[in-house]
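Given next are the chains, with one letter for each unit.
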Amino acid sequence: MSLPFNVASHLDTALRAAASALGLADRGFEPEVRVADPAHGDFQANGALAFAKREKQNPRAFAQQIVDRLGDLTADFDLSLAGPGFINFRLKPTALLAWLQTYDSEQHLQSGAATLYQGQRFVVDFSSPNTAKQMHVGHIRGMVIGEAICRLLAFCGAEVVRDNHIGDWGTGFGKLIWGYKNLRNDQALARDPLEELERLYKAADAASKENPATLDAARAELVKLQNGDPENTALWNQINTISAAAFTEIYRQLGIRFDHQLGESFYNDKLAQVYEELRATQIAEDSQGALVVFHPEHARFKTQPFIIRKSDGASNYASTDLATMLYRAEHFKADAIAILTDARQADHFEQLWLTTQKWFTQTKRRLPRFEHVSFGAILGEDGKAIKTRTGDPIRLKALLAEAEERAFALVTEKSPELPETERRDIANAVGIGAVRYADLAQNRSSDYVFSWEKILSFEGNTAPYLLYAITRIHSIFRKIGLTAYDSAAAQGATTPATDGELALARKLVSFASVLNLTTAQLRPHYLCTYLYELAGQFSTFYAADKVIVDDPAVRARRLLLCQRTLIVLEAGLHLLGLRTLERM
Ligand code: ARG
């Protein structure tokens, strides 16, 4: 019998069964299975210790009782007790081989992983830019982290609904429409429409600061729009179309897709219900004409209001987001909702979630899980928010173009013999991949310093390093006249035996645990760290154990390890949204 894909959860199940066999089914025993320090084993269960202490039993004796009931595992594992009551599991080489033989393609890895979130629907709200503004470098985080999270969840069996919650409503449109009507330059609009819209907004904003009459005129345009005036509605549509075209181009470049683009305006006709229900349940109250929610149990939000309708009756970000929560719960039947924005919106989402919990509980609605997937800022090398020399934010369009240009120079230096079209293609994968990977490799909660030199380096935890590791494995197979996916190469493989082989095999088997961790916390950097370590483990193996040897069994098992390292590296990078290459 071969091991299931997810060895840690297999152990978890076995440990729980052992506890019930001891008559402890409902005593809350948590096995706490983790990937272990390789010195002790492959996996360890720490839960016996805490449980025994709580139950006033001798931890080591209790752990031994559990181990005595794990007889079925001994075919695949060596079991041992350590310290005061830790249980260690070491996979036997036969079990390692069986696992490696089963998970022989990206597709089979996916079928193994797919039980994790089977039957769960996740709505992921990501990118979600505001209309009529160019995307700048800060926008990249939400896009690449969001795309990676969607791919990871889907790989692990979830049904993912990708929703781009465009900021297409709000007070900015009054100024923009006024600017469009009064300050427009048609030539500029034809040349670079989004650029011109951005200029118009800024100019109108400046004009209304100077002249109160302009401010009034802009407000009047907004009221007309909100009352459905046909001319302003048409302009609003046109502005959204222009923005959407520019955004789509960036999404195409980054390989990002959405199932829905339900912007803020989509919720206009769904706000009345929110106000009514929150007032009827007395969750919201009137305060100086506005409708607000306080959370008396919270240190700050007992006095800091969550304004859900402004005193002039207008809706705001809170109103549309409440309606969005309801729509996602009822229409999409979401089991979980994840919204990606930078960390500055933490208060908003905390208040939104506190309010939603009370609202859904009182109206007897099923409460989905909610996650504000927040992230830090991208800093320049001076440690301040990254800017161009003139102090403007760096346009994403320009950043991506520069990434490809720099990567092209690198590739040309390394492989001048390749035809230019191929060098361009490699530069695209390396350049865009480098920008993307640099973002994903950081814990998303932290700010990080953007440095071209670092992200394009072939050393360290970078895209070029990992992409190169992949091409190196491809070239091993090219040299012996096979493709890397050819199953004939590994025919007759025997169990891993050398230290290098064993360590690499173990690292490969722990892929499943990394997927668990990464999706549980929605933090792609865990997967990045794992891939980087896997590539390192591969180098160690490759330096110590010659692959192309005469002994057919040894050669086959080493080629098996090469193949499996390759598919895990490729699968991992594809989950992160990178395109991989066969040579570079
Ligand atoms: N448009 C917002 C911004 O640019 C992000 C929207 C995130 N999604 C949401 N449902 N609030 O900051």
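Along each chain, residues carry numbers from 1 onward, in the same order as the chain's sequence is written. Local features in this predicted model are restricted to residues of pLDDT 70 or higher, and side-chain atom pairs are both shown and tallied only at a pLDDT of 80 or more, whereas totals for entire chains, interfaces and linings draw on every residue. Excluded from the side-chain calculations are hydrogens and water; all other atoms, namely the structure's heavy atoms, are used.

Student: Any chance you could break down unusual backbone geometry for me, citing the residues and the numbers?
Tutor: Phi is positive for Gln288, close to 50°, though the residue is something other than glycine. By the criteria applied, helices consist of DSSP H or I runs no shorter than four residues and strands consist of E runs no shorter than two, each listed in order from the N terminus. Within the secondary structure, Gln288 is located in the loop between strand 7 (284-287) and strand 8 (290-293). Unlike most non-glycine residues, Leu522 shows phi in positive territory, near 50°. Among the secondary structure elements, Leu522 is positioned in the loop between helix 20 (511-521) and helix 21 (525-544).

Student: Give me the lowdown on the site of the ligand, citing residues and values where you can.
Tutor: Every residue lining the ligand is accounted for by Asp125, Ser128, Asn130, His165, Tyr317, Asp321, Ile339, Thr341, Gln345 and Phe349. The side chain of Asn130 places a nitrogen or oxygen atom 2.8 Å from a nitrogen atom of the ligand. Any pair of N or O atoms that falls within 3.5 Å is considered a polar contact. Within protein, one atom must be able to donate a hydrogen and the other to accept it, and sequence-neighbouring residues count only if both atoms are side-chain atoms. Gln345 is positioned with one of its side-chain polar atoms (N or O) 2.8 Å from an oxygen atom of the ligand. The Shrake-Rupley method, run with a 1.4 Å probe, gives the accessible areas here. Residue values count only the displayed protein chains as cover. When the free accessible area of the ligand is taken as 350 Å², the share hidden by the protein chains comes to 87%. Here, proximity means that at least one heavy atom of the residue falls within 4 Å of the molecule or strand.

Student: How would you explain the sheet that holds strand 6 (residues 159-163) if you had to name every residue and give the values?
Tutor: Strand pairing is defined by DSSP finding a minimum of two bridges between the two strands. In space, the four strands of this open sheet follow the order 6-5-10-11, with parallel pairing throughout. Two strands lie at the open edges of the sheet, namely strand 6 and strand 11 (369-375), each paired on one side alone. With strand direction ignored, the average angle separating the axes of adjacent strands in the sheet is 20°. Bridge count for strand 5 (residues 121-125) against strand 10 (residues 336-342) is four bridges, and the pairing is parallel. What sits directly across from Val123, in strand 10, is Ile337. Residues count as neighbours in contact if any of their non-hydrogen atoms are within 4.5 Å of one another. Lines fitted to the C-alpha atoms define the axes, with helices restricted to the stretch that makes contact. Angles between their N-to-C directions range from 0 to 180 degrees. Sitting on the sheet, helix 13 (residues 317-330) touches strand 5, strand 6, strand 10 and strand 11, and the angle it makes with strand 10 is about 150°. Strands in contact with helix 14 (residues 346-362) are strand 10 and strand 11; relative to strand 11, the strand with the most contacts, it is inclined by about 175°.

Student: Tell me about the packing of helix 19 (residues 499-509) against helix 21, and please be specific about residues and values.
Tutor: Contact pair helix 19 / helix 21: the axes reach a minimum separation of 9 Å and the direction vectors enclose 160°. Relative to helix 21, helix 19 is oriented roughly antiparallel. By crossing handedness, the relation of helix 19 to helix 21 is classed as left-handed. Within the contact between the two elements, helix 19 uses Gly500, Glu501, Ala503, Leu504, Lys507 and Leu508 and helix 21 uses Tyr530, Glu533, Leu534, Gln537, Phe538 and Phe541. Ten residue types, Ala, Val, Leu, Ile, Met, Phe, Trp, Tyr, Cys and Pro, are classed as nonpolar, four, Asp, Glu, Lys and Arg, as charged, and the remainder, Gly among them, as polar. Classifying every residue of the contact of helix 19 with helix 21 by side-chain character gives seven nonpolar, two polar and three charged. These descriptions rest on fixed angle ranges, namely under 35 degrees for roughly parallel, over 145 for roughly antiparallel, 65 to 115 for roughly perpendicular, and the rest for oblique. When the near helix sits turned anticlockwise from the far one by under a right angle, the crossing is termed left-handed; a clockwise turn instead gives a right-handed crossing.

Student: Quick one: what's the story with the sheet that holds strand 9 (residues 306-309), residue by residue and with numbers?
Tutor: Ordered in space as 7-8-9, the three strands form an open sheet in which the pairing is antiparallel. Two strands bound the open sheet, and with one partner strand each, they are strand 7 and strand 9. Recorded for the sheet is a direction-independent mean angle of 40° between the axes of neighbouring strands. Direction of pairing for strand 7 relative to strand 8: antiparallel, over a ladder of four bridges. Among the inter-strand pairings, Ser287 is bridged to a residue of strand 8, identified as Ala290.

Student: Just give me the short version of the packing of aromatic side chains, but keep the residues and values in it.
Tutor: Working definition: a ring pair exists when centres of Phe, Tyr or Trp rings (six-membered ring for Trp) sit within 6.5 Å. Plane angles under 30 degrees give stacked, over 60 give edge-to-face, the rest tilted. Summed over the entire model, instances satisfying the criterion amount to 26 aromatic pairs. An angle of 75° between the planes, with centres 5.0 Å apart, marks the rings of Phe266 and Tyr327 as edge-to-face. Of this pair, Phe266 sits in the loop between helix 11 (230-254) and helix 12 (271-280) while Tyr327 sits in helix 13; the two residues are 61 residues apart in sequence, bridging distant segments of the chain. Exposure remark for Phe266: the relative accessible area of 28% places this residue in the partly exposed category. Classification of Tyr327 as buried rests on a relative accessible area of 16%. Where Phe538 meets Phe541, the ring centres are 5.7 Å apart and the plane angle is 55°; that geometry is what we call tilted. You can see Phe538 and its partner Phe541 sitting in helix 21, three residues apart, about one turn around the helix. Neither Phe538 nor Phe541 differs from the other in exposure class; each is buried. Three or more aromatic residues link up through ring pairs in this structure, and these residues are Phe5, Trp99, Tyr103, Phe511 and Tyr530. Burial status follows relative accessibility: with a 1.4 Å probe on protein chains alone, a residue under 20% of its type maximum counts as buried, one over 50% as exposed, and anything between as partly exposed.

Student: Lay out the pattern of salt bridges with the relevant residues and their values.
Tutor: Take a side-chain nitrogen of Lys or Arg and a carboxyl oxygen of Asp or Glu: if they are within 4 Å of each other, that pair is a salt bridge. In total, this model carries 42 salt bridges according to the counting rule given. Here Glu231 makes a salt bridge to Lys181, at a shortest N to O gap of 3.7 Å. With Glu231 in helix 11 and Lys181 in helix 7 (residues 172-183), the pair connects residues that are 50 residues apart, well separated along the chain. A salt bridge links Arg366 to Asp335, with the shortest nitrogen-to-oxygen separation between them at 3.1 Å. One end of the pair, Arg366, is in the loop between helix 14 and strand 11; the other, Asp335, is in the loop between helix 13 and strand 10, and 31 residues separate them in sequence. By relative accessible area, Arg366 is classed as exposed at 55%. Through salt bridges with shared partners, a single network forms among Lys181, Glu221, Lys224 and Glu231.

Student: Explain helix 21 to me, using residue names and the numbers behind them.
Tutor: For helix 21, which comprises 20 residues, the first-to-last C-alpha distance of 29 Å matches the rise-based estimate of 28 Å (1.5 Å per residue) to within 8%. Regarding helix 21, the residues found buried are His525, Leu527, Cys528, Tyr530, Leu531, Leu534, Ala535, Phe538 and Phe541. Residues of helix 21 that are buried make contact with helix 6 (139-155), helix 16 (420-440), helix 18 (463-479), helix 19, helix 20 and helix 22 (552-575). Multiplying one less than the number of residues by 1.5 Å gives the expected span of a helix.

Student: Give a detailed account of the pairing of strand 5, specifying residues and quantitative values.
Tutor: Counting buried positions along strand 5 gives four out of five residues, so the element sits mostly inside the fold. As judged from the five bridges shared by strand 5 and strand 6, these two strands associate in the parallel manner. By the bridge assignment for strand 6, Val123 is matched with Val161.

Remember, this is a structural readout, not a statement about activity or role.
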